[in-house]
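Close look at the chain arrangement
Read off the chains here:
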Amino acid sequence: MTIPEVIQTFTIGIELGYGSSFTGDVEDVDPDTKLYYRGARIFRAIMNDLSRKGMQTAENAILTGTSAGGLATILNCDKFKSLLPDDARVKCVADAAFFINAKTISGTYDIQDEYRRVVTLHGSVKNLPPSCTSIMEPSLCFFPRNVVPYVQTPLFIINSQYDSWQVNHIWVPKYLDPQHVWKNCNSHISNCTFSQRMIIQGYGVEFLKAFLGLTPSFTRGYFITSCYSHGEIVWTNYWFSPTSPRVLNKTIAKAVTDWYFNRAGFHQYIDPYPCARDCALSPS
């Protein structure tokens, strides 16, 4: 993420190798897979190590991530803030992480069932916000629609309302496409048939319904595109270039920078383009 005003920056990347977004905390090794589900411990260990190496004196800090890493950003945002000095400017940027609890085209809540299995397998309950788990089933607290209202640290959300991963895994999962008619439509909207585009359009409607249902917040910013894509802020073409998606003639980089440094009073952008489109996102 390029923020020109920050002259001296240190960027630390953390690999996320599983789907519980640094919430797992199980003492015993899984007897079948021989895997350790201890993401929350890993997060704490990394943060403690970074603190010993100077993070505790940081004046500016951003916790960010994409997809499952973006969900980890949301779920761990307040914990991250608590590790920094009280007078530090600490904010979080979650990319492609606003997963919605939508039914598949066959009418089943597959993603909710999947999150329920993840929470159980990884022992995630103890590391989800109590303010959320005290009023609803813990697996529902994996959905940003339910947990973002409880995040106290300033948060910026970047997402497409036509998120291609969500369309192809939540809306139309592979088992509902035995003839593989969606295969060519997975990554480019231009390869989709008219009926497929209408189905994707329906997902966009459901996404905005969930997103705009969030309680208002003066510290929260967002940039919602109409790109048929999933999590590409790592590419300059998407973030800050002549071909970057724009809303009100503002790139995502400019929108996030203005929000981070408390410039301007408007930090909430939704692309008014009426349907999904292919955007020039990947590096040439």
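Below, the structure is looked at part by part. (Residues numbered from 1 in each chain as written. Predicted model: local features only at pLDDT ≥ 70, side-chain atom pairs only at ≥ 80, totals over all residues. Heavy atoms only, no water.)

**Quick look at the state of the cysteines**
Think of a disulfide as a covalent bridge from one cysteine sulfur atom to another cysteine sulfur atom. For clarity, the threshold we go by: Criterion for a disulfide: a pair of cysteine sulfur atoms within 2.5 Å. Whether a residue is buried, partly exposed or exposed follows from its accessible area with a 1.4 Å probe, protein chains only, as a fraction of its type maximum: under 20%, in between, or over 50%, in that order.
What the rule picks out here adds up to 4 disulfides. The side chain of C132 participates in a disulfide bridge whose partner is C141; the two sulfur atoms lie 2.1 Å from each other. Disulfide C132 to C141: torsion about the S-S bond roughly -100°, handedness left-handed. Given the relative accessible area of 0%, C132 is considered buried. In this structure C141 comes out as buried when scored by relative accessible area, which is 0%. The disulfide that involves C185 links it to C192, with 1.9 Å between the sulfurs. Because the torsion about its S-S bond is 90°, the bridge between C185 and C192 counts as right-handed. Owing to a relative accessible area of 8%, C192 belongs among the buried residues under this scheme. Listing the disulfide partners of the protein chain by sequence rank of the bonded cysteines yields 1-2, 3-4, 5-6, 7-8.

**A look at the environment of A40**
Under the convention used in this document: Strands here are runs of E lasting at least two residues and helices are runs of H or I lasting at least four, both read from the DSSP assignment and numbered beginning at the N terminus.
With respect to the helices, strands and loops of the structure, A40 is situated in helix α1 (residues 39–52). Considered as a pair, A40 and K126 are 86 residues apart in the sequence and their alpha carbons are 9.6 Å apart.

**Notes on the side chain of S226**
Filter applied, for reference: Any pair of N or O atoms that falls within 3.5 Å is considered a polar contact. Within protein, one atom must be able to donate a hydrogen and the other to accept it, and sequence-neighbouring residues count only if both atoms are side-chain atoms. Here, two residues are considered to be in contact whenever any of their heavy atoms come within 4.5 Å of each other.
For S226, the location among the structural elements is in the loop between β4 (221–225) and α8 (236–239). Residue classification places S226 among the buried residues on the basis of a relative accessible area of 0%. At a separation of 2.8 Å, a polar atom in the side chain of S226 contacts the side chain of D271. Side chain to side chain, S226 and R277 meet in a polar contact 2.9 Å long. Sequence-distant contacts of S226, that is, excluding residues within four places in its chain, are made with S160, Y162, D271, Y273, C275, A276 and R277.

**Thoughts on the sheet that holds strand β1 (residues 60–66)**
For the record, the criterion: Paired strands, in this sense, are two strands between which DSSP finds at least two bridges. For every element, the axis is a line fit to its C-alpha atoms; helices are fit only across the contacting stretch, and the angle between N-to-C directions ranges from 0 to 180 degrees.
What the 5 strands build is an open sheet, ordered β1-β2-β3-β4-β5; its pairing is parallel. This sheet does not close on itself; its edge strands, each paired only once, are β1 and β5 (268–270). Along the sheet, successive strands turn relative to each other by an average axial angle of 10°, direction set aside. In terms of strand pairing, strand β3 (residues 155–160) meets β4 through 5 bridges, oriented parallel. Counted as the bridge partner of S160 is T225 from β4.

**So, the pairing of β1**
The cut-off we apply is this: Place the viewer so that the strands point away; then a crossover is right-handed whenever the path from the first strand over the helix to the second strand goes clockwise.
Only one face of β1 is buried, namely the one carrying A61, L63 and G65, since none of N60, I62, T64 and T66 on the opposite face is buried. Bridge count for β1 against strand β2 (residues 89–95) is 7 bridges, and the pairing is parallel. Bridge pairing in β2 links G65 to A94. Crossover connection from β1 via helix α2 (residues 68–82) to parallel β2: handedness right-handed.

**Description of the packing of helix α6 (residues 164–171) against helix α7 (residues 194–211)**
Between two packed helices, the angle of one axis relative to the other and the distance separating the axes together describe the packing. The criterion, for reference: Should an angle fall under 35 degrees it is taken as roughly parallel, and over 145 as roughly antiparallel, whereas 65 to 115 is taken as roughly perpendicular and any remaining angle as oblique. Nonpolar residues are Ala, Val, Leu, Ile, Met, Phe, Trp, Tyr, Cys and Pro. Charged residues are Asp, Glu, Lys and Arg, and all others, Gly as well, are polar.
Viewed as axis vectors pointing N to C, α6 and α7 meet at an angle of 100°, and their least axial separation amounts to 11 Å. Taken together, the axes of α6 and α7 lie roughly perpendicular to each other. Contacts from Q166, V167, I170 and W171 of α6 reach α7 at I199, I200, G202, Y203, E206 and F207. For the contact of α6 with α7, the residue count by class is 7 nonpolar, 2 polar and 1 charged.

**Focus: α2**
Quick note on the threshold: Multiplying 1.5 Å by the helix residue count minus one yields the expected span of that helix. The seven residues ending at a residue and the seven starting there each receive a fitted axis; the angle between those axes is the bend at that residue.
The terminal C-alpha atoms of α2, which comprises 15 residues, lie 22 Å apart, in line with the 21 Å expected from a rise of 1.5 Å per residue. In the structure, α2 departs most strongly from a straight axis at N76, where the bend amounts to approximately 60°. Among all positions in α2, only G69, G70, L71, A72, T73, I74, L75, N76, C77 and F80 are buried. Looking at the buried positions of α2, the neighbouring elements they touch are α1, β1, β2, α3 (110–122), α5 (144–147) and β3.

**What to know about the pairing of β4**
Among the 5 residues in β4, 5 count as buried, and that is most of the element. By the alternation rule, side chains of β4 split into G221, F223 and T225 and Y222 and I224, which are all buried. Bridging between β4 and β5 involves 3 bridges; their strand directions are parallel. Bridge assignment links I224 to a residue of β5, and that residue is I270.

**Examining the packing of aromatic side chains**
We count it as follows: Side-chain rings of Phe, Tyr and Trp, where Trp is taken by its six-membered ring, are said to pair if the distance between their centres is within 6.5 Å; with planes under 30 degrees apart they count as stacked, over 60 as edge-to-face, and otherwise as tilted.
Taken as a whole and judged by the stated rule, the model has 13 aromatic pairs. Measuring from centroid to centroid gives 5.7 Å for F98 and F207, while their planes differ by 70°, and the two rings are edge-to-face. Placement of F98 in the loop between β2 and α3 and of F207 in helix α7 is noted, with a sequence separation of 109 residues between them. Geometrically, the ring pair formed by Y260 and F261 is edge-to-face, given 5.0 Å between the ring centres and 90° between the ring planes. Both residues of the pair, Y260 and F261, belong to the buried class.

Shape descriptors only; they carry no functional weight alone.
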